[in-house]
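What follows is each chain in one-letter form.
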Amino acid sequence: MPFLASSSAASASPSSRVSGLTGLRALAVVAVLGYHLLPAAVPGGLIGVDVFFVVSGFIVTRLLLRERARTGRVSLGAFWARRARRILPALALVLAVCIPLAFLVAPHLLSGIRRQLIGALTFSSNWLAIAADGDYFQADQPDLFTNLWSLAVEEQFYLIWPLLLVLLLVVVRWRRRTVVVLALVLAVLSAGAMVLLSAPPLGSPTRAYFGTDTHAFGLLLGVALAVGMGAGEVRMATGRRAVARTALGVASLGVLVALAVVLSDASPAAAHGGLALASLAALGLIWSAATVPPLGRVLDAAPLSWLGERSYAVYLWHWPLLLILGATPLAAQPLLVAVVTAALSILVAALSYAFVETPFRRGLRVHPPLPRRHVVLPALVVGVLAVASAGIAIGHDDASAAEALVERGREAIAHAAPAPASSPQTGSGADSGPTPSPSPTSTAATPPPILGTDITAVGDSVMLAAAPELQNALPGIAIDAQVSRSMWPATGILSSLANDGALRPTVVVGLATNGGVDPDLLADILGIVGPDRTLVFVNAHAQRSWIPGGNATLADFAAAYPNVTVADWDGAITPYPDDLAGDGIHPQPAGGDIYAAVVTGAIAQAHLDEAQAADAAAKAAADAAREAAKAAKKPAAATARPDDTQHDDSHAVPTPTPTP
């Protein structure tokens, strides 16, 4: 991360120091903590990573330029050695501690641990996660070290960019202005690639967010600023320029705060310019703080400076600690989990900074020297933990219970029998949990039978795990479910089905587990489904802080539309935790029966409501027709023909007056 360059920056002369960067790192890590720990309050906190990227691109490029200006050359070997001393010790400590801890507390968190360990040690976590269909936004099967994807992106940058910079400035002898233009062009291309690859058929949110090519624009913007400012002393703004740049800095900070509060990973807006805007705002704030000393001093205030110096370790520790604590009884109190995770992350980061990172950064030279016993014992403990971690990673079965359930669902879908012609289904036939049933209020309303052949279901790995039970309850149901899928791709999937004429009369969407729920996205989904189909949203059950808010959004949305309803999976499964896998999210077969019962019950209730509404509408129409008939007859009865009063009608038969 960008904090990796802080040690070298600190060693530069005071006149070359750029103020505000340490405090900006602190603000960035606070945003990331908020995004993971309190996503309902800070749904756009993922922009913290993009702020890190801009700072990193700026600092590393400036260090390389100053070394060339000072010595006439760039020692790539020395640069990479400094990076290794800064990065590897803290990373090794996190791996050595968290793998055994997860093994003791929640072994299911070690799913895919060999892949994660290889990715961590080779700085390829992002590409391995993409290849394994991993997802930064998922809740159903989170990787213990998912957060290392950004470290991988930066290390790949540290490997490639110094070589390219030396080639451009030393070998090709390009002017700085040309390098700035190149960096800006590449940044635009990277941001454009994120937009293009953020959704099917070209890509996915995971591909767009994890890819080095699609998420390099922040790094490249930092490069452009550093090359543009040059290796010399920073020119301080004065007079009106100082006022203008202060205003720019304040506005940039305001944009970052607004994005952290408003932007959501449940919306395509993040990939479609939101993250790029955050990078531009970070660029403006860096430039302003660097050239207006009072603004830089505000950002580098003591608390922010202290946290910024330890931001690398805080970032490394917070995610695995969050998952591990989320697998303990504390999970019942999400706010408590958030507080404890933040406190432990900062505490452990402070210890790591003092006793691991700083000594290694200084080449293990500490003044005053530590007694040998203060070094040997901690080193021995870390060594034992490292060996234990390696043993666990090698011996652990990568296929967790949840993954086995998901694979069972995949096989069920792949071997699904042809749909029957028609087979009414009024329930799931489950006997392991409560079967929600409609509550008729009128015997005149007769809902249509529930046919699996009339149902399209789109979901995540929770639906995938329950697929066999859904098929048993609703033969012929069409299920499209994938691991790590969020609400994002729903519109694309449903649009494709609608265009192909394959979208059935009842549509079930179970995509609330892996991130927040955006009402605008729900409206888009309903627009595709249309008013003539029944839309059923399945709410989510997981110990994640965004779940209650997402479920409430689904309930509020369903209440506003007559053809939308919610299948209350959360309420139905909560009394039966033993019917879930060890992760507390994926249903075992008994839990799958409950899932199928909830979906079937919600469809039955929706059909009943529609039948009752149709019955009420028919009755209202009949009443209106009768009233109209009566109104039409009254004028005819009251009007008499003039000649009827003039002829002799003594022998005529009286005409009866119509009865109203």
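Just so we're clear, the structure is a prediction, and the values are computed from it rather than from any experiment. (Residues numbered from 1 in each chain as written. Predicted model: local features only at pLDDT ≥ 70, side-chain atom pairs only at ≥ 80, totals over all residues. Heavy atoms only, no water.)

Colleague: Help me understand helix H11 (residues 239-262), please; the structure alone is not making it clear to me.
Modeller: For an α-helix the count is 3.6 residues per turn, leaving residues at separations of three or four pointing the same way. For H11, spanning 24 residues, the distance from its first C-alpha to its last is 35 Å, which sits close to the expected 34 Å at 1.5 Å a residue. Those residues of H11 not exposed but buried are Ala 242, Arg 245, Gly 249, Ser 252, Leu 256, Leu 259 and Ala 260. (Helix = DSSP H or I, 4+ residues; strand = E, 2+ residues; numbered from the N terminus. Expected span 1.5 Å × (residues − 1). Buried < 20%, exposed > 50% of the residue type's maximum accessible area, 1.4 Å probe, protein only.)

Colleague: Sorry if this is basic, but what is going on with the packing of aromatic side chains here?
Modeller: Where two aromatic rings form a pair, the distance of their centres and the angle of their planes describe that pair. With the rule as written, the count across this model stands at 11 aromatic pairs. Ring centres 6.3 Å apart and planes at 85° place the aromatic pair Phe 52 and Tyr 315 in the edge-to-face group. Here the residue Phe 52 occupies a position in helix H3 (residues 47-71), and Tyr 315 occupies one in helix H15 (residues 311-326), the gap between them amounting to 263 residues. Members of the aromatic cluster, connected to one another through ring pairs, are Phe 53, Trp 149, Tyr 209 and Phe 210. The ring of Tyr 158 is capped by Arg 83, whose NZ or CZ atom sits 5.9 Å from the centre of that ring. (Phe/Tyr/Trp six-rings, centres within 6.5 Å; stacked < 30°, edge-to-face > 60°. Lys NZ or Arg CZ within 6 Å of the ring centre and 35° of its normal.)

Colleague: I would appreciate a short explanation of the confidence of the model for the protein chain in the present structure.
Modeller: The predicted coordinates should not be examined in detail at positions where pLDDT is low. Of all residues in the protein chain, 81% have pLDDT values of 70 or greater, and the mean over the chain is 84. Note on residues 2-15: pLDDT under 50 across the span, and 38 contacts to partners over four residues away in sequence or across chains. Overall, residues 644-660 carries pLDDT values under 50, and its contacts beyond four positions in sequence, including any with other chains, amount to one contact. (pLDDT = per-residue confidence, 0-100. Contact = heavy atoms within 4.5 Å.)

Colleague: Mind showing me how you'd approach the side chain of Thr 291 here?
Modeller: Along the chain, the position of Thr 291 falls in helix H12 (residues 270-291). Among the polar contacts made by the side chain of Thr 291, one reaches the side chain of Arg 245 at a distance of 3.4 Å. In contact with Thr 291, other than residues within four places in its own chain, are Val 234, Arg 235, Met 236, Ala 237 and Arg 245. (Polar contact = N/O pair within 3.5 Å; in protein donor to acceptor, adjacent residues only side chain to side chain.)

Colleague: Would you explain the environment of Leu 280 in this entry?
Modeller: You can see Leu 280 is positioned in helix H12. Given the relative accessible area of 48%, Leu 280 is considered partly exposed. Considered as a pair, Leu 280 and Val 51 are 229 residues apart in the sequence and their alpha carbons are 9.0 Å apart.

Colleague: Explain the nonpolar core here, please?
Modeller: Nonpolar side chains in soluble globular proteins tend to be buried together. Among the nonpolar cores identified, the biggest contains 112 residues, and Phe 145 and Leu 275 are the most heavily contacted of them. The greatest single-element share of this core, amounting to 13 residues, is contributed by H3. For Leu 275, the residues in contact, after removing those within four places along its chain, are Leu 46, Ile 47, Asp 50, Met 194, Tyr 209, His 215, Phe 217, Leu 263 and Ala 270. In terms of nonpolar packing, the next biggest core, distinct from the first, is built from 61 residues, Leu 474, Met 487, Ile 525 and Ala 596 among them. (Core = buried A, V, L, I, M, F, W, Y, C linked by side-chain atoms within 4.5 Å.)

Colleague: How should I be thinking about the pairing of strand S4 (residues 534-538) in this particular structure?
Modeller: Put simply, side chains in a regular strand alternate between the two faces of the sheet. In terms of burial, S4 is largely enclosed, as five of its five residues are buried. The two faces of S4 match: Thr 534, Val 536 and Val 538 on one face and Leu 535 and Phe 537 on the other face are all buried. In the sheet, strand S3 (residues 506-510) pairs with S4 via four bridges, with the strands oriented parallel. In the sheet register, Val 507 faces S4, and the bridge partner there is Leu 535. In terms of handedness, the path from S3 via helix H22 (residues 519-529) over to S4 forms a crossover that is right-handed. With four bridges connecting them, S4 and strand S5 (residues 564-567) associate as parallel partners. (Pairing = 2+ DSSP bridges. Right-handed = clockwise from strand over helix to strand, strands pointing away.)

Colleague: So what exactly am I meant to see when it comes to the packing of helix H21 (residues 490-499) against H22 here?
Modeller: For any two helices packed against each other, one specifies the inter-axial angle together with the distance between the axes. At a minimum axis distance of 9 Å, the contact between H21 and H22 shows a crossing angle of 5°. On the basis of the axis angle, H21 is roughly parallel to H22. In this structure, H21 uses Ala 490, Thr 491, Leu 494, Ser 495 and Ala 498 to contact H22, whose residues at the interface are Leu 521, Asp 524, Ile 525, Ile 528 and Val 529. Per-class residue counts for the contact of H21 with H22 are seven nonpolar, two polar and one charged. (Axes fitted to C-alpha atoms, helices over the stretch in contact; angles between N-to-C directions. Parallel < 35°, antiparallel > 145°, perpendicular 65-115°, else oblique. Nonpolar A, V, L, I, M, F, W, Y, C, P; charged D, E, K, R; others polar.)

Colleague: I keep staring at the pattern of salt bridges and nothing clicks. Help me out?
Modeller: Oppositely charged side chains can pair when the atoms bearing their charge come close. Counting across every chain of the model gives eight salt bridges. In this structure, Asp 213 and Arg 207 form a salt bridge, with 2.8 Å as the shortest nitrogen-oxygen distance. Classification of Arg 207 by relative accessible area gives buried; the value is 18%. Arg 408 is the partner of Glu 469 in a salt bridge, and the nearest nitrogen-oxygen pair spans 2.5 Å. Here the residue Glu 469 occupies a position in helix H20 (residues 467-473), and Arg 408 occupies one in helix H18 (residues 401-414), the gap between them amounting to 61 residues. Accessibility expressed as a relative area gives 5% for Glu 469, which makes it buried. (Salt bridge = Lys/Arg side-chain N within 4 Å of Asp/Glu carboxyl O.)

Colleague: Just to check I follow, could you spell out a nonpolar patch on the surface for this structure?
Modeller: On the surface, Leu 27, Leu 253, Val 257, Val 261 and Val 262 cluster together into a nonpolar patch covering about 410 Å² of accessible area. Of the residues forming the nonpolar patch, the biggest block, four residues, is contributed by H11. Position of Leu 253 relative to the elements: it lies in helix H11. (Patch = residues over 30% accessible without salt bridge, like charges linked within 9 Å, V, L, I, M, F, W, Y side chains within 5 Å. Areas by Shrake-Rupley, 256 points an atom, 1.4 Å probe, with all protein chains shown as cover.)

Colleague: Would you explain the sheet that holds S5 in this entry?
Modeller: Strand pairing in a sheet relies on backbone hydrogen bonds. The paired strands run either parallel or antiparallel. Reading across the sheet, the five strands line up as S2-S1-S3-S4-S5 and stay open at both edges, with parallel pairing between neighbours. Edge positions in the open sheet fall to strand S2 (478-481) and S5, since each of these has one partner strand only. Recorded for the sheet is a direction-independent mean angle of 20° between the axes of neighbouring strands. Of the strands in this sheet, strand S1 (455-459), S2 and S3 touch H21, which is tilted by about 155° from S1. Sitting on the sheet, helix H23 (residues 547-559) touches S4 and S5, and the angle it makes with S5 is about 150°.

Colleague: Would you take a moment to explain helix H10 (residues 217-229) for this structure?
Modeller: For H10, which comprises 13 residues, the first-to-last C-alpha distance of 18 Å matches the rise-based estimate of 18 Å (1.5 Å per residue) to within 8%. Most of H10 is tucked away: 11 of the 13 residues are buried. Every buried residue belonging to H10 is among Phe 217, Gly 218, Leu 219, Leu 220, Leu 221, Gly 222, Val 223, Ala 224, Leu 225, Ala 226 and Val 227, and all of these are buried. Buried residues in H10 make contact with H3, helix H7 (148-171), helix H8 (176-196) and H12. Of the residues flanking the end of H10, it is Gly 230, one or two places downstream, whose phi is positive at about 80°.

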